[in-house]
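# Residue-level structure breakdown
The primary structure of each chain is shown beneath.
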Amino acid sequence: MSVAERIRELGFELPAVGPPVASYIPAVSSGRLVFTSGQLPMVDGALPRTGKVGAEVSADEATADARQCALNALAAIDAEIGSLDRITRIVKVVGFVASAEGFHGQPGVINGASNLLGEIFGDAGRHARSAVGVAELPLGAPVEVEVIAEFA
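Residues numbered from 1 in each chain as written. Predicted model: local features only at pLDDT ≥ 70, side-chain atom pairs only at ≥ 80, totals over all residues. Heavy atoms only, no water.

### Considering the overall build of the protein
Basically, it comes down to this: Each helix is a run of DSSP H or I of at least 4 residues and each strand a run of E of at least 2, with the numbering of both proceeding from the N terminus. Each radius of gyration reported is based on C-alpha atoms, and the globular scaling rule is 2.2 Å times the count of residues to the power 0.38. For each residue, the accessible area found with a 1.4 Å probe, counting protein chains only, is set against the maximum for its type, and the residue is called buried under 20%, exposed over 50%, and partly exposed in between. Note on contacts: a residue pair is in contact if any heavy atoms of the two residues lie within 4.5 Å. Areas reported as accessible are Shrake-Rupley estimates using a 1.4 Å probe. Residue values count occlusion only from the protein chains shown. For the purpose of counting charges, residues Lys and Arg are taken to be positive, whereas Asp and Glu are taken to be negative. His and the chain ends are not included. Every charge is mapped onto a representative atom, which is NZ of Lys, CZ of Arg, CG of Asp or CD of Glu.
For the protein, the helix and strand inventory stands at three helices and five strands. When the helices and strands of the protein are listed from N to C terminus, the series reads α-β-β-α-β-α-β-β. On C-alpha atoms alone, the protein measures out to a radius of gyration of 14 Å, which is about the 15 Å that the 2.2 N^0.38 rule sets for 152 residues. Across its three principal directions, the C-alpha atoms of the protein cover 45 × 30 × 25 Å. Put simply, the protein has 152 residues, and 39% of those count as buried. Taking the intrachain contacts of the protein between residues at least 6 apart in sequence as the baseline, contacts between residues at least 24 apart amount to 80%. Looking at the protein as shown, the accessible area adds up to about 7,300 Å², and 50% of this sits on carbon and sulfur atoms. Within the protein, one finds 11 positive and 18 negative side-chain charges whose respective centroids are separated by 7 Å.

Structure representation (structure tokens):
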């Protein structure tokens, strides 16, 4: 089964790559690695919600946003390397969570991205990770995710 078919089987669809919101490109490859820029949880060109997790945004909503960020990262990778079937390993995920004071659930939020990658790629989806709480993210997004993947 192809990666695209697996994504559909899980009930998701690979989105179109969104245009950058600043001076960068969505993904770049070097050697056998592809690095994504930070991906916001854009859906059809808009954020589904804004605000800080633990205040205006619930942890469950933010977890869903992290999952969308991962799908957006996969779309950027697909556009860069030509096919998600070329991925041999998800190497690292870095997640940023716009956190209200006192919110400490950043790892659980970023599990939205990590768990989806594991469901899609199996053992090859297991990765190193950072989950960081920050004061603000671009456009008021609650979550941003970067992915580094190895490909053949």
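### Observations concerning helix H2 (residues 59–81)
The criterion, for reference: Helix span, as expected, comes to 1.5 Å for every residue beyond the first.
Counted at 1.5 Å a residue, the expected span for H2 with its 23 residues is 33 Å, and the 33 Å between its end C-alpha atoms agrees. Just past H2, the residue Gly-82 takes up positive phi, approximately 95°.

### Concerning the layout of surface pockets
The line we're drawing: Put plainly, a pocket is an open set of points on a 1 Å grid over the protein atoms alone with protein on both sides within 12 Å along at least five of seven lines, a cavity is a set where a 1.4 Å probe fits but cannot get out, and a lining residue has an atom within 4 Å of a point. Grid points are joined across faces, edges and corners, and a volume is the space filled by probe spheres set on the points. Gly counts as polar in this scheme, as do all residues outside two lists: the nonpolar Ala, Val, Leu, Ile, Met, Phe, Trp, Tyr, Cys and Pro, and the charged Asp, Glu, Lys and Arg.
The computed volume of the largest pocket comes to approximately 440 Å³. Along its surface, the largest pocket is lined by 23 residues, and Ala-16, Val-17, Gly-18, Met-42 and Asn-72 are the ones closest to its centre. For the lining of the largest pocket, the residue count by class is 15 nonpolar, six polar and two charged.

### Thoughts on a nonpolar patch on the surface
Definition in use: Candidate patch residues must exceed 30% relative accessible area and have no salt bridge, after which like charges are joined if within 9 Å and Val, Leu, Ile, Met, Phe, Trp or Tyr side chains if within 5 Å. Counted as salt bridges are all cases of a side-chain nitrogen of Lys or Arg within 4 Å of a carboxyl oxygen of Asp or Glu.
Side chains of Val-21, Tyr-24 and Leu-139 sit close together on the surface and give an oily, nonpolar patch of about 270 Å² of accessible area. Structurally, Val-21 can be placed in the loop between helix H1 (3–9) and strand E1 (27–30).

### Regarding the sheet that holds strand E5 (residues 143–151)
Operational definition: Two strands qualify as a pair provided that DSSP identifies no fewer than 2 bridges between them. Geometry is summarised by axes, namely lines fitted to C-alpha atoms with helices restricted to the contacting stretch, and by angles between N-to-C directions that run from 0 to 180 degrees.
Pairing within the open sheet is mixed, and its five strands lie in the order E1-E2-E5-E3-E4. The sheet terminates laterally at E1 and strand E4 (128–134), the two strands that pair on one side only. If you compare each strand with its neighbour and ignore which way they point, the axes differ by 15° on average. Across the sheet, H2 lies against E1, strand E2 (33–36), strand E3 (87–98) and E5, angled at about 40° from E5, the strand it touches most. Along the sheet face, helix H3 (residues 106–121) touches E3, E4 and E5 and points at about 160° away from the line of E3.

### Topic: the pattern of salt bridges
Evaluated as defined, the whole model comprises five salt bridges. For Glu-150, the salt bridge is made with Arg-32, and the minimal N-O distance between the two is 3.1 Å. With Glu-150 in strand E5 and Arg-32 in the loop between E1 and E2, the pair connects residues that are 118 residues apart, well separated along the chain. Classification of Glu-150 by relative accessible area gives partly exposed; the value is 23%. The salt bridge involving Glu-61 is made with Arg-49; its shortest N-O contact spans 3.9 Å. A residue pair is termed long-range when its members are at least 10 positions apart, and Glu-61 in helix H2 and Arg-49 in the loop between E2 and H2 qualify at twelve residues. Here Glu-61 falls in the partly exposed class, since its relative accessible area comes to 31%. Residues joined in a network through salt bridges with shared partners are Arg-49, Glu-61 and Asp-65.

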